[in-house]
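The chain contents come next:
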Amino acid sequence: MNDPAEFVRTAIDRLRAEVPGSAIVAASGGIDSTTAAVLAERALGDRAHAVFVDTGLLRAGEVEKVGAFFRASGLRFAVASASDRFLGALQGVRDPEEKRRRIGAAFIRLFEEEATRVGTDRLVQGTIAPDWIESGGALRDTIKTHHNVGGVPSDSRLVLVEPLRDLYKDEVRAVARHLGVPEPDRQPFPGPGLAVRVNGEVTAERVRRARVANAIVEAEVERAVAAGEIPRPWQYFAVLLDSPTVGVLGDNRVHGDAVSVRVVESIDAMTATAMALPRPVLQRIAERITRELSAQVVRVLYDVTDKPPGTIEWE
Ligand code: XMP
């Protein structure tokens, strides 16, 4: 893509051709789906029904933040509260690919219900090129089944409409900027949410721990960026590991969780470099996580792996 204005004109024409009536628009608040939703709104007006799903796997304050963000982008949207459904679907599941398939299926079932209510079979999604490439498209091995690609059940009656499927993230950001979407450079957050940042079984309590740790990493990295200590990373987050470990609290032994902190630089997420965070920033993160999750998280690690051979998210 060379020219965002030209891309927007073509995308709007295509959306109008592919959606004869109305459409459900899957809107997660991320830059990809928000850009797709703004395009759908421009193309279809009130025939576009944006739905934001509260999966119970979101970051701290995300529902409120995403609501404000959609309003600033000029989007009308509905919120579907579905924590029980998503946590229920993940019960007892430890395998990362199975988690992704179950989450993808839970999203699609919910969108099917919305589609029936509205009387359509079209679903607009913000799928971008790395989503389907890393999900095993284009003759590549399946690295990860992205929730919006391989997670779609084969018996779904929904017809997918994907205006961004040939773009990479940096190109989506250029289109978002052109459309006036606020904060086009904010960090990505995966559709399966904190489920892929909780290694092993996903329970409400383990999601809560991951949520607190993620909020601390975000706050401390953003503080360091604002203070000019580091450039803005591509992505920065925490992963709750599935390896209980021994710690000490006062005079007592505690058996708690370990958290890994991941901060990477990248251009398009296809490759990434682990950022060399200054020691004081790491120290503040470790100190806050072990204090605010006292006796729950007793060890904090820093992930220095590039992509490849690692991936950005752990699962
Ligand atoms: P990986 O972990 O594959 O991630 O190196 C590359 C980029 O994609 C994000 N990611 C996802 N985004 N659905 C999404 O919308 C997914 O299933 C998914 N998995 C990973 C990840 O956060 C990183 O920015």
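Residues numbered from 1 in each chain as written. Predicted model: local features only at pLDDT ≥ 70, side-chain atom pairs only at ≥ 80, totals over all residues. Heavy atoms only, no water.

**Q** What is the right way to look at the overall build of the chain in this model?
**A** A count of helical and extended segments in the chain gives 9 helices and 10 strands. Taken against the 2.2 N^0.38 rule, which gives 20 Å for 315 residues, the C-alpha radius of gyration of the chain at 20 Å falls within 12% of a compact globule. Within the span of the chain, comprising 315 residues, buried residues form 53% of the whole. The contacts in the chain between residues at least 6 apart in sequence include a share of 75% that link residues at least 24 apart. Element-wise, carbon and sulfur atoms account for 51% of the exposed surface of the chain, whose accessible area totals about 13,700 Å². (Helix = DSSP H or I, 4+ residues; strand = E, 2+ residues; numbered from the N terminus. Rg over C-alpha atoms; globule rule 2.2 N^0.38 Å. Buried < 20%, exposed > 50% of the residue type's maximum accessible area, 1.4 Å probe, protein only. Contact = heavy atoms within 4.5 Å. Areas by Shrake-Rupley, 256 points an atom, 1.4 Å probe, with all protein chains shown as cover.)

**Q** How should I be thinking about the site of the ligand in this particular structure?
**A** In the vicinity of the ligand, 16 residues are found, and the nearest of them are Arg100, Lys144, Lys307, Ile312 and Glu313. Here an oxygen atom of the ligand and a side-chain polar atom of Glu134 are 3.0 Å apart. Interatomic distance of 2.6 Å between a side-chain N/O atom of Lys144 and an oxygen atom of the ligand. Coverage of the ligand by the protein amounts to 91% of the 490 Å² it exposes when considered alone. Residues of the shell around the ligand, tallied by class, amount to 6 nonpolar, 5 polar and 5 charged. (Near = heavy atom within 4 Å. Polar contact = N/O pair within 3.5 Å; in protein donor to acceptor, adjacent residues only side chain to side chain. Nonpolar A, V, L, I, M, F, W, Y, C, P; charged D, E, K, R; others polar.)

**Q** For this particular structure, what's the right way to read the sheet that holds strand 2 (residues 48-54)?
**A** Each strand in a sheet pairs with another by means of backbone hydrogen bonds, the pair being arranged parallel or else antiparallel. The 5 strands lie next to each other as 3-2-1-4-5, forming an open sheet whose pairing is parallel. This sheet does not close on itself; its edge strands, each paired only once, are strand 3 (77-81) and strand 5 (159-161). Between one strand and the next, the sheet's axes are offset by a mean angle of 30°, whatever the strand orientation. Of the pairings in the sheet, the one linking strand 1 (residues 23-26) to strand 4 (residues 122-124) comprises 2 bridges and is parallel in character. In the sheet register, Ile24 faces strand 4, and the bridge partner there is Leu123. (Pairing = 2+ DSSP bridges. Axes fitted to C-alpha atoms, helices over the stretch in contact; angles between N-to-C directions.)

**Q** So what exactly am I meant to see when it comes to the pattern of salt bridges here?
**A** Note that side chains of opposite charge can pair when their charged atoms are close. Summed over all chains, the structure comprises 30 salt bridges. Residue Arg208 pairs with Glu205 through a salt bridge whose shortest N-O separation is 2.8 Å. In this pair, Arg208 and Glu205 both sit in helix 8 (residues 204-226), 3 residues apart, roughly one turn of the helix. In this structure Glu205 comes out as partly exposed when scored by relative accessible area, which is 34%. Between Arg262 and Asp303 there is a salt bridge, with its nearest N and O atoms 3.4 Å apart. Of this pair, Arg262 sits in strand 8 (residues 252-265) while Asp303 is found in the segment after strand 10 (297-302), placing the two residues 41 residues apart along the sequence. (Salt bridge = Lys/Arg side-chain N within 4 Å of Asp/Glu carboxyl O.)

**Q** Hey, could you run me through helix 5 (residues 96-118) in this one?
**A** Since there are 3.6 residues in each turn of an α-helix, residues three or four apart along the chain are aligned in direction. The end-to-end C-alpha distance of helix 5, which contains 23 residues, comes to 33 Å, matching closely the 33 Å that a straight helix rising 1.5 Å per residue would cover. Among all positions of helix 5, only Lys99, Arg100, Ile103, Gly104, Ala106, Phe107, Ile108, Leu110, Phe111, Glu112, Glu114 and Ala115 are buried. Its buried side turned inward, helix 5 meets strand 1, strand 2, strand 3, helix 4 (83-90) and strand 4. After helix 5 finishes, the residue Gly119 shows a positive phi value of roughly 85°. (Expected span 1.5 Å × (residues − 1).)

**Q** Is there a simple way to explain the packing of helix 4 against helix 5 in this structure?
**A** The geometry of helix 4 relative to helix 5 is characterised by a closest axis approach of 9 Å and an angle of 145° between their N-to-C directions. The chirality of how helix 4 crosses helix 5 is right-handed. Every residue of helix 5 that contacts helix 4 at Arg85, Phe86, Ala89 and Leu90 is listed here: Lys99, Arg102, Ile103, Ala106, Phe107, Arg109, Leu110 and Glu113. (Left-handed = near helix turned anticlockwise from the far one by under 90°.)

**Q** Teacher, can you tell me more about the pairing of strand 8 here?
**A** Within a regular strand, the side chains alternate between the two sheet faces. Taking burial as the measure, the 14 residues of strand 8 include 10 buried ones, the bulk of the element. Sheet topology places strand 6 (residues 235-240) next to strand 8; 6 bridges connect them, and they run antiparallel. When the bridges of strand 8 are listed, Leu240 appears paired with Val259. With 5 bridges connecting them, strand 7 (residues 245-249) and strand 8 associate as antiparallel partners. Note that in strand 8 the partner of Val248 across the bridge is Arg253.

**Q** Please clarify how the nonpolar core should be interpreted in this entry.
**A** Proteins that are soluble and globular tend to have nonpolar side chains buried together. Counting 81 residues, the largest nonpolar core has Leu39, Leu57, Phe86, Phe111 and Ile289 as its most contacted members. The contacts of Leu39, once residues within four sequence positions are left out, are Phe7, Val8, Ala11, Ile12, Leu15, Pro163, Leu164 and Leu179. Trp234, Val239, Leu241 and Ala258 belong to the second largest nonpolar core, which has 8 residues in total. (Core = buried A, V, L, I, M, F, W, Y, C linked by side-chain atoms within 4.5 Å.)

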